[in-house]
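Summary of the model geometry
Chain by chain, the residues run as shown.
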Amino acid sequence: MLLVFLGPPGAGKGTQATRLAAKYGVPQVSTGDMLREAVAAGTDVGLRAKSIMDAGRLVDDETLADLVRARLGQPDTAGGAILDGYPRNTAQAKTLDMLLSDTSHGAVDRVVFLDVAEEILVERLSQRRACPACNANFHLLFKPPADDAQCDRCGTQLVQREDDQEDVVRDRLRVYADNTAPLVEYYEQLGLLVRIDGDGSIDDVWGRVDGAISRTVCA
Ligand code: ADP
Ligand code: ADP
Ligand code: ZN
């Protein structure tokens, strides 16, 4: 099973991808998480990516291709993967097809597009908190950690991402509209798009995602 989550920043891609990955027992591959790990570890990729990520712009396609190729080459993805945050433009979508055939994964099965209005996105991102150690995501109102400051899963101090500051959020939404939104039509024309209303509670959206994927992938 090879699924892609598509949608604007804050749409709930990470949240829903985590649930779907757990249900089907395939790894969630989040390029945002991978890049943040590279930044934290101070690797060459991390050093190159940090200022770009802090400004809400896209890291270059070649760096992403290298990261995703390496990840899809690891044995735990043999049964598939759930991609979250990749591809983010049409060039990356074409590269993904090549990477999948190079790593004997076949092709993308479905693209889940989470459709959410802009005012809701800003509200979700402004109160998102993330665990820098295990990548768990929280929301101060909608998915509050038991202790405001700490990760429920691993106890690490939660942080607000640098790029979740409101001015950077506005830039990220623009980058999404210019670069990533065209992928909706791209995948629709390929007959791969599953459009999901991403408004409502996390559980409501999960019901729609789960229902749509069990119908299409397991049919
Ligand atoms: P969100 O899920 O909130 O949209 P991500 O965690 O996916 O954010 O991404 C954070 C940042 O990492 C992006 O703003 C961008 O700088 C970088 N990034 C992640 N994935 C990609 C990608 N596929 N191509 C280019 N840059 C990426
Ligand atoms: P993305 O990966 O698309 O950027 P996330 O999954 O990180 O989005 O969600 C963004 C923020 O909104 C997080 O704080 C998350 O807990 C919260 N969130 C996710 N889905 C919902 C929802 N349906 N309703 C309210 N808050 C949500
Ligand atoms: Zn944690």
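Use the structure listed above.
Residues take numbers from 1 onward in each chain, read along the sequence in its written order. Chains and ligands are labelled by the order in which they are written, letters from A for the one and numbers from 1 for the other. The model is predicted, so local features are restricted to residues of pLDDT at least 70 and side-chain atom pairs to those at 80 or more, both for listing and for counting; the totals for chains, interfaces and linings are taken over all residues. In computing side-chain values, all of the structure's heavy atoms are included and hydrogens and water are not.

Ligand 2 sits among 18 residues. The nearest are Gly10, Lys13, Thr15, Arg128 and Phe138. A distance of 2.9 Å is found between a nitrogen atom of ligand 2 and a backbone nitrogen or oxygen belonging to glycine 200. Considered on its own, ligand 2 offers 560 Å² of accessible surface; in the complex 95% of this is hidden by protein. Among the secondary structure elements, those contributing two or more residues to the shell around ligand 2 are helix H1 (13-24), strand S6 (137-139) and helix H9 (202-217). Put simply, Ala, Val, Leu, Ile, Met, Phe, Trp, Tyr, Cys and Pro go in the nonpolar bin, Asp, Glu, Lys and Arg in the charged bin, and everything else, Gly too, in the polar bin. Residue classes in the shell around ligand 2 are distributed as 7 nonpolar, 8 polar and 3 charged. One heavy atom suffices: a residue is near a molecule or strand as soon as one of its heavy atoms comes within 4 Å of it. Pairs of N or O atoms within 3.5 Å make up the polar contacts considered here, provided that, within protein, one atom can donate a hydrogen while the other can accept it, and that residues adjacent in sequence are counted only when both atoms are side-chain atoms. To measure how exposed things are, a 1.4 Å probe is used in the Shrake-Rupley method; for residues, cover is taken only from the protein chains shown. Strands are runs of DSSP state E lasting at least two residues, helices are runs of H or I lasting at least four, and both sets are numbered from the N terminus onward.

Where charged atoms from two side chains of opposite charge come close, those side chains can pair. Salt-bridge detection follows one rule: a side-chain nitrogen of Lys or Arg within 4 Å of a carboxyl oxygen of Asp or Glu. Evaluation of the coordinates by the stated rule reveals 15 salt bridges. When the shortest N-O distance is used, the salt bridge between arginine 71 and aspartate 76 registers 2.7 Å. Notably, a salt bridge pairs aspartate 164 with arginine 128, separated by 2.9 Å at the nearest N-O pair. Of this pair, aspartate 164 sits in the loop between S6 and helix H7 (166-180) while arginine 128 sits in strand S5 (residues 128-130), and the two are 36 residues apart along the sequence. Each member of the pair, aspartate 164 together with arginine 128, is buried. It is possible to trace a salt-bridge network through shared partners that takes in Arg128, Arg161, Asp163, Asp164 and Arg172. For each residue, the accessible area found with a 1.4 Å probe, counting protein chains only, is set against the maximum for its type, and the residue is called buried under 20%, exposed over 50%, and partly exposed in between.

For the rest of this paragraph, the subject is the environment of proline 8. Note that proline 8 resides in the loop between strand S1 (2-6) and H1. We classify proline 8 as buried; its relative accessible area is 5%.

Turning our eyes to something else, we now look at the packing of helix H4 (residues 61-72) against helix H5 (residues 90-102). Packing of H4 against H5 leaves a shortest axis separation of 10 Å and a crossing angle of 30°. One element, H4, and the other, H5, form an angle in the roughly parallel class. Handedness of the crossing formed by H4 with H5: right-handed. Note on element contacts: H5 touches H4 through Ala91, Gln92, Thr95, Leu96, Leu99 and Leu100, opposite Asp61, Leu64, Ala65, Val68, Arg69 and Leu72. Only the stretch in contact is used when a helix axis is fitted, and all axes are lines through C-alpha atoms; the angle between N-to-C directions ranges over 0 to 180 degrees. Angle categories are assigned with fixed cut-offs, so that under 35 degrees is roughly parallel, over 145 is roughly antiparallel, 65 to 115 is roughly perpendicular, and the rest are oblique. The crossing is said to be left-handed when, going from far helix to near helix, the turn is anticlockwise and less than a right angle, and right-handed when the turn is clockwise. Residue contacts are counted whenever heavy atoms from the two residues lie within 4.5 Å of one another.

Angles between donor atoms at a metal ideally measure 109.5 degrees for a four-coordinate tetrahedral arrangement and either 90 or 180 degrees for a six-coordinate octahedral one. Protein ligation of the zinc ion (ligand 3) involves Cys131 (SG), Cys134 (SG), Cys151 (SG) and Cys154 (SG), the donor distances falling in the range 2.3 Å. In this structure, the zinc ion (ligand 3) is surrounded by 4 donor atoms whose angles at the metal cover 100 to 118°, and the resulting shape is tetrahedral. Sites may look incomplete, because water is not among the atoms used; the donor set itself consists of N, O and S atoms within 2.8 Å of the metal (3.2 Å for Na, K and Ca). If you list the donors of the zinc ion (ligand 3) from N- to C-terminus, the spacing comes out as C-x2-C-x16-C-x2-C. Angle rules define the geometry names used: all angles between 85 and 135 degrees makes four donors tetrahedral, while opposite donors over 155 degrees apart and all other angles between 65 and 115 make four donors square planar and six octahedral, leaving every other case irregular.

Another point: the site of ligand 1. Residues in contact with ligand 1 amount to 19 residues; listed here are only the nearest, Thr31, Arg57, Gly85, Arg128 and Arg172. With respect to ligand 1, the backbone of valine 59 contributes an N or O atom lying 3.1 Å from a nitrogen atom. Arginine 161 is positioned with one of its side-chain polar atoms (N or O) 3.2 Å from an oxygen atom of ligand 1. Protein chains shield 97% of the accessible area of ligand 1, which is 560 Å² for the free molecule. Among the elements that make up the shell around ligand 1, the one with the highest residue count is helix H2 (residues 31-41) (4 residues).

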